[in-house]
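# Results of the structural survey
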Amino acid sequence: MIKFKSFISQIFNRLAVLLAIAGVFFYLINLSSLNAKIQTATNKSIEFSKKSMKIVTLIPYITVQKNHVLLGEIFTNVGIKANSRVAYSPKPGKSARFDAQWLYRIARAHGLKWRPLSLKTHTIVERASYEIYEDEVLDALRKALYDRGYQNNIEIDMNNRRLNIHIATNKNSMISVTGLTVKRKTGRFIATLIVPGDSSNAQRFRLTGRVHRLVNIPTLNKNFKRNDVIKKDDIEWIKVRSHKLRNGVLQDDEEIIGMAAKRRITSNTPLISNYLQRPKLVNKGDLVTISLTSQGLQLTTRGRAQDSGSKGDIIRIKNNKSKKIIEAKVIGEDMVIVNLFNRIAFK
């Protein structure tokens, strides 16, 4: 009986081992199948990606550098045909619109598998460029005028300020002026602007305008009231066009410094002699000191000014003691002198 039980136990143990081995076997089979499916899916994904990379697509907006538009600048994935020329580039600073029909013809002509989604499909092509601004043109004109003998003190007015000049980025940016003609009396000029200046295929623009000679004149750097005295620090030099200068405009600051305003003068106003006067050192009604000199003898007294006067003016003075009116010369602020050796008028 005991032997029978032992035999049965051995059989069950062997069956358990066989079942475990079978389970591992089936697990390995399923794992291998799963890996095969994953690999297949991965391969399909890679193949799809490769196909997607080869799909020709339109680039809706492009900027070109050179004189021709290339196939590879309009479409992607064109392979060795990328450098094929398909159109002339727009002029510098300009753009061109290529519509659906034109694009479809180009695609078919080069064997590309592409067609527009609608008639509204298009691409915009712009030529890369930089603009030549007015100050650059003025600099070129100024250089040409200097070569003709004009000095630095000039101002240029151009009639055609908005030239709208663009140069391709792959070209030299140098500009030059030729054929300059200037009328000396009026300053009117005619010239030709060449862009770029060293190219045989350069653009040419006609320039017209006027050259103005400038003159430096002294003016006041602030507003002055009547009788305000002008000092050296009050002078400001400005440049004005020579043909706009009035007759008599003062051009030497020595004629201005120390003078007084005869009327109200605003800053930066060209000055003429009528705007200025010698400073009033004595005002009518002021109490002044009278110096009397005669052959080395000097006396002083007080009097009342009957007139206003600047340095060197002869004015009337009323002596406070004698009440007589005499004529005296203004020599300083509230100071006059009488020379008894000369004739003096008494009233």
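Residues numbered from 1 in each chain as written. Predicted model: local features only at pLDDT ≥ 70, side-chain atom pairs only at ≥ 80, totals over all residues. Heavy atoms only, no water.

### Here's the deal with the confidence of the model for the protein chain
Caution applies to low-pLDDT parts of the model: their predicted coordinates are not meant to be read in detail. Of all residues in the protein chain, 81% attain a pLDDT of 70 or more, and the chain-wide mean is 82. Taken as a whole, residues 48-52 scores under 50 in pLDDT and shows 1 contact with residues more than four places along the chain or in a different chain. (pLDDT = per-residue confidence, 0-100. Contact = heavy atoms within 4.5 Å.)

### Regarding the pattern of salt bridges
What the rule picks out here adds up to 8 salt bridges. The partner of Arg142 in a salt bridge is Asp139, with the nearest N and O atoms 3.3 Å apart. Taken together, the residues span about one helical turn, with Arg142 and Asp139 both in helix H4 (residues 134-147) at a distance of 3 residues. Its relative accessible area of 22% is what places Arg142 among the partly exposed residues. The partner of Arg316 in a salt bridge is Asp307, and the shortest N-O contact between them spans 3.0 Å. What emerges from the salt-bridge pattern is a single network uniting Glu155, Asp157 and Arg241. (Salt bridge = Lys/Arg side-chain N within 4 Å of Asp/Glu carboxyl O. Helix = DSSP H or I, 4+ residues; strand = E, 2+ residues; numbered from the N terminus. Buried < 20%, exposed > 50% of the residue type's maximum accessible area, 1.4 Å probe, protein only.)

### Notes on the sheet that holds strand S5 (residues 122-127)
Read from one edge of the open sheet, 3 strands run S1-S5-S4, paired in mixed fashion. Looking at strand neighbours, the two that pair on one side only are strand S1 (61-64) and strand S4 (95-99), the edges of this open sheet. Each strand of the sheet is rotated relative to its neighbour by a mean of 25°, with strand direction disregarded. Across 5 bridges, S4 lies against S5 in antiparallel orientation. (Pairing = 2+ DSSP bridges. Axes fitted to C-alpha atoms, helices over the stretch in contact; angles between N-to-C directions.)

### What about the nonpolar core?
Ranked by internal contacts, the top residues of the largest apolar core, which has 25 residues, are Leu141, Leu145, Met158, Phe189, Leu193, Val195 and Leu207. The leading source of residues in this core is H4, at 6 residues. For Val195, the residues in contact, after removing those within four places along its chain, are Ile132, Ile165, Ile167, Ile175, Ala202, Gln203 and Phe205. (Core = buried A, V, L, I, M, F, W, Y, C linked by side-chain atoms within 4.5 Å.)

### Some thoughts on helix H3 (residues 100-109)
All of the buried residues in H3 are Ala100, Trp102, Leu103, Ile106 and Ala107. Along the long axis of H3, the arc covered by the buried residues comes to 165°, so they all point the same way. Facing away from the buried side of H3 by more than 90 degrees, the exposed set consists of Gln101, Arg105, Arg108 and Ala109. Buried residues along H3 sit in contact with helix H2 (71-74), strand S3 (85-88), S4 and S5. Where H3 ends, the next residue or the one after it, Gly111, has phi of about 70°, a positive value. (Arc of directions from axis to C-beta.)

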